[in-house]
Amino acid sequence: MLKNTKCVVMKPHTTSHKSGTLKASSSKGTRIYKRHVGGGWTYKTSIGGKVRYFPLGLDRKEALELADTIRGHSMLYPMKEVLEMFQKKQFAKTKPPSPLLCEVVRILEENRISSGMAKNTLKAYCDTLRAFARNVTGEKKVDDFDLGDITDTLIRKWKTGHLKDLKDEALIASRKRTLNSKMRQLKSLFSRPSLFEGYDMDFVEVLKSQEYFRGLKKQYRLPPLDLIQKTFDLWPTTEGDVHTLIGIALHFGLRRNEILHLRRSWFNLDGERARIDVKAELDFRPKGGHEGLTMGSKDVAVAILNKASGDDYLIEDRADSGRPAFEKALKALRAIGWDRASPMHELRKLFGSYIASTESLYISQKFLRHADASTTNDSYADAIVDEKVKNLWVA
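Residues numbered from 1 in each chain as written. Predicted model: local features only at pLDDT ≥ 70, side-chain atom pairs only at ≥ 80, totals over all residues. Heavy atoms only, no water.

Asks: Explain helix H2 (residues 79-86) to me, please; I cannot follow it from the model alone.
Replies: Owing to its 3.6 residues per turn, the α-helix aligns residues three or four sequence positions apart on the same side. When we look at burial in H2, the residues that qualify are Met 79, Val 82, Leu 83 and Phe 86. Along the axis of H2, the buried residues cluster in a sector spanning 100°; they form a single face. Looking at the buried residues of H2, the elements they touch are strand E4 (41-47), strand E5 (50-57), helix H1 (60-76) and helix H6 (152-163). (Buried < 20%, exposed > 50% of the residue type's maximum accessible area, 1.4 Å probe, protein only. Helix = DSSP H or I, 4+ residues; strand = E, 2+ residues; numbered from the N terminus. Arc of directions from axis to C-beta. Contact = heavy atoms within 4.5 Å.)

Following this line, the structure appears as structure tokens:
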């Protein structure tokens, strides 16, 4: 608590809203809020187009006095200095503890199913949190990392560490896109604050206030045509799970987790084209909760079903979320020249480009099950003008 802060004469006003958020204002007009009765107060301000959040503690009177002080400093000093002075944990003796990294992971794992998050997705997001902690602390073991230590300064350190010494503009843009993705994952981990009742979660406001690097959209471009040909030549030579993985991604455009949970009952071979219905199952929820369908060659579907190793689920080696099977497929694709980050996902993009070029962007969006056509257009659909390449899907 800052000393020599004068008490205000007028009583601060407090209001309660239906959403559960409590708000209060000082005699000087400074407004603060907290999301639930047991939580800490927060001061929110916008300077230079950027929104900043400052944790204030549990006591309303002290929180209002501190908010007035922060507001005054922000008018006199650069925001960087104000953040250094005030955007840290306050009132450690009265506030509940902020969670440790291991506690966050435990809570999220215990509530994964009710949250509707896929196991692989949660693991990837938690790995991002651990990597963040290792980067900012320099330590290998970070289970005891206190998330209450997350501030604007710490996040700047994390971003700067990934961008320093880079000279190539394309590499810088790529790294910024990666940082944007990681920041989205960190924010997503704390999208349900009710899971962390009893903890000081003020640091979440700091995460939420972070802006993304802009102007980084990268239009999808097809790989070299000879690599596309090599991929189609490779597929018939593969067996078992690898044959299923490559075939489904290349000819039907399913995502990794969808292929892992693909069942024979999802196929419909009654029409002129094979149809695959992507359905929610007890152990599977489609991305975004959106069920949907995709269509492709009936001959290809029959070939996949005949060669598939599994009797119900097409992927037989399902240990460790199918990792051994996917690693074999990845190795085969790398061997023929695929050097992009996610070759299996690149096959899905090839399928999207084929559908967009032979039917329409709308149909491609529907088959890829994107919520927005701009996602399909920007990242999954380059024009295929070579008829020989188009014929690879119908040969």
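Asks: Would you explain the environment of Lys 157 in this entry?
Replies: Tracing the backbone through its elements, the reader meets Lys 157 in helix H6. Residue Lys 157 is classed as partly exposed on the basis of its relative accessible area, which comes to 45%. Apart from the residues lying within four places of it in its own chain, the contact partners of Lys 157 are Asn 135 and Val 136. Separated by 2.9 Å, the side chain of Lys 157 and the backbone oxygen of Val 136 make a polar contact. (Polar contact = N/O pair within 3.5 Å; in protein donor to acceptor, adjacent residues only side chain to side chain.)

Asks: Please clarify how the sheet that holds strand E7 (residues 274-278) should be interpreted in this entry.
Replies: Taken together, three strands build an open sheet; the order of strands is E6-E7-E8 and the sheet is antiparallel. The open sheet has two free edges, formed respectively by strand E6 (267-268) and strand E8 (292-296), since each of these has just one partner strand. Looking at chain direction, E6 and E7 are connected through two bridges and run antiparallel. If you follow Asn 268 over to E7, its bridge partner there is Arg 275. (Pairing = 2+ DSSP bridges.)

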